[in-house]
Amino acid sequence: MSLKAGIVGLPNVGKSTLFNAITKKHILAANYPFATIEPNVGVVTVPDTRLDFLANLYNPKSIVPTTFEFIDIAGLVSGASNGEGLGNKFLSHIREVDAIVHVVRCFDDENITHVAGVTDPIRDVEIINTELILADLEIVANRLGKIEKKAETTKDKEAIKEVEVLRKVKENLEKNISLRNVLFDEEEILLLKNFNFITLKKVIYVANVDELSASVDDNEYSLKLKEYAASENSSVIVMCAKLESDLADLQDEEREAFLKDVGIANSGLDKLIFATYDLLDLATFFTSGKDECRAWTFKKGMKAPNCAGIIHSDFERGFIRAEVMSFDDLYEAGSEIKVREKGKVRIEGKDYLMQDGDICYFRFNV
């Protein structure tokens, strides 16, 4: 699955510093898929100790972690929805991502100019949210202008339903409510997918704090941001983007020592990767053997044939069954042979719901 998270924020909030940390720490070597892509996209690996265990167990020719892309989306300022700055370019890029990582400045620094004068995380968030709402409103207005007449003259049921849903969208956007905070039923959500509304995308906030605040997890600005995020059921990752960028240049042992010295338990960047992965309701299954150990990303709730199709469309089209063992069973037993001896290798059919940590061998025929 190709997954994309767009990094957004006002100028001088630390967005590009965070992106630089991502690309320095997690950029893939040339033998990985999608290693060479345009400069504003960073392919990151999702840290997973389970894949390390499998690699040590099978000693494969290649190891492929699960990945997704962080896209550095530039140019958002007040008025972006009307084309100010690089607004139109920004909005076209953000419509293509699966989730939004919204970087918010939560530090004071007289050497780094704030575009709005003083640090105020809630004002900054609302500036961007307003631009996104205005952009979505433009789409609604354009479509309603066309579909309302059709619904009125033809009495077409689908057109009438579309008008109803779009009017609901318009009403909420005009109240400054992002669509991700509006309750839609399954039929409405299916219809809304055609429009790729920006404010319907899930958001995670990054409170970019100074190094001292990062060591104690919060400051007055990040606490305000957390309160705001809680009101819309979003989450906040607190980190110091500059510190993360410095950490990305270090080897693993040096990195751990540095984190310990500054009093930080875990890298904020790793927390962000995990949080974004969870935000999209994703999980991981594995394929393992002497040739390759590989992690695959899937959406929770997918069935075995759909997951087989992630590997290759033929696997899904000709799916017969899946041979499955759980990572926990393999870890406990210590070898695949012992898992089989204990009778914990399962044969699953087309209705099997894939579980996080499943290790699979798909049988198919086309």
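Just so you know, these numbers come straight off a predicted model, no measurement behind them.

S.K.: Please clarify how the environment of Ile122 should be interpreted in this entry.
M.R.: Relative to the assigned elements, Ile122 resides in helix α4 (residues 121-154). Taking the C-alpha atoms as reference, Ile122 lies 9.9 Å from Cys106; in sequence the two are 16 residues apart. Each residue touching Ile122, except ones within four places of it in the same chain, is listed here: Lys224, Leu225 and Tyr228.

S.K.: Sorry if this is basic, but what is going on with the pairing of strand β9 (residues 292-299) here?
M.R.: Each regular strand carries side chains that alternate between the two faces of the sheet. Note: strand β3 (residues 62-64) against β9, 3 bridges, orientation parallel. Within β9, the position partnered with Ile63 by the bridge is Cys293. Bridge count between strand β8 (residues 282-287) and β9: 6 bridges; the pairing is antiparallel. Counterpart to Leu282 in the pairing with β9 is Lys299. Connecting the antiparallel pair β8 and β9 is a turn made up of 4 residues.

S.K.: I keep staring at the packing of α4 against helix α8 (residues 220-231) and nothing clicks. Help me out?
M.R.: Describing two packed helices takes the angle between their axes plus the distance from one axis to the other. In the contact formed by α4 and α8, the axes pass within 9 Å of each other and the chain directions differ by 45°. Judged on the interaxial angle alone, α8 and α4 are oblique. Each of Pro121, Ile122, Val125, Glu126 and Asn129 in α4 lies in contact with α8, whose residues at this interface are Tyr221, Lys224, Leu225 and Tyr228. Its residues assigned to classes, the contact of α4 with α8 comprises 6 nonpolar, 1 polar and 2 charged.

S.K.: What should I look at first to understand the nonpolar core in this one?
M.R.: In a soluble, globular protein the nonpolar side chains are often hidden away together inside. Residues Leu18, Phe70, Tyr205 and Leu272 are the most contacted members of the largest nonpolar core, which totals 61 residues. Once residues within four sequence positions are removed from consideration, Leu18 is found in contact with Ile7, Val103, Val206, Met239, Ala241, Leu269 and Leu272. Core analysis: the next-biggest nonpolar cluster, separate from the first, contains 19 residues, Ala151, Val163, Leu191 and Phe195 among them.

S.K.: Help me out: how do you make sense of the packing of aromatic side chains in this one?
M.R.: The description of an aromatic ring pair rests on the distance of the ring centres and on the angle between the ring planes. Scanning the entire structure with this criterion turns up 12 aromatic pairs. Judged by centre distance (5.4 Å) and plane angle (85°), the ring pair of Phe53 and Phe327 falls under edge-to-face. With Phe53 in helix α2 (residues 49-58) and Phe327 in helix α14 (residues 327-333), this residue pair connects regions lying 274 residues apart in the sequence. Note on Phe327: relative accessible area 9%, which makes it buried. Ring geometry for Phe68 versus Phe70: centroids 5.2 Å apart, planes at 40°, classification tilted. The two residues Phe68 and Phe70 agree in class, both being buried. Directly above the ring of Trp296 sits Arg294, whose terminal nitrogen or CZ lies 4.1 Å from the centroid.

Definitions and cut-offs
Residues numbered from 1 in each chain as written. Predicted model: local features only at pLDDT ≥ 70, side-chain atom pairs only at ≥ 80, totals over all residues. Heavy atoms only, no water. Helix = DSSP H or I, 4+ residues; strand = E, 2+ residues; numbered from the N terminus. Contact = heavy atoms within 4.5 Å. Pairing = 2+ DSSP bridges. Axes fitted to C-alpha atoms, helices over the stretch in contact; angles between N-to-C directions. Parallel < 35°, antiparallel > 145°, perpendicular 65-115°, else oblique. Nonpolar A, V, L, I, M, F, W, Y, C, P; charged D, E, K, R; others polar. Core = buried A, V, L, I, M, F, W, Y, C linked by side-chain atoms within 4.5 Å. Buried < 20%, exposed > 50% of the residue type's maximum accessible area, 1.4 Å probe, protein only. Phe/Tyr/Trp six-rings, centres within 6.5 Å; stacked < 30°, edge-to-face > 60°. Lys NZ or Arg CZ within 6 Å of the ring centre and 35° of its normal.

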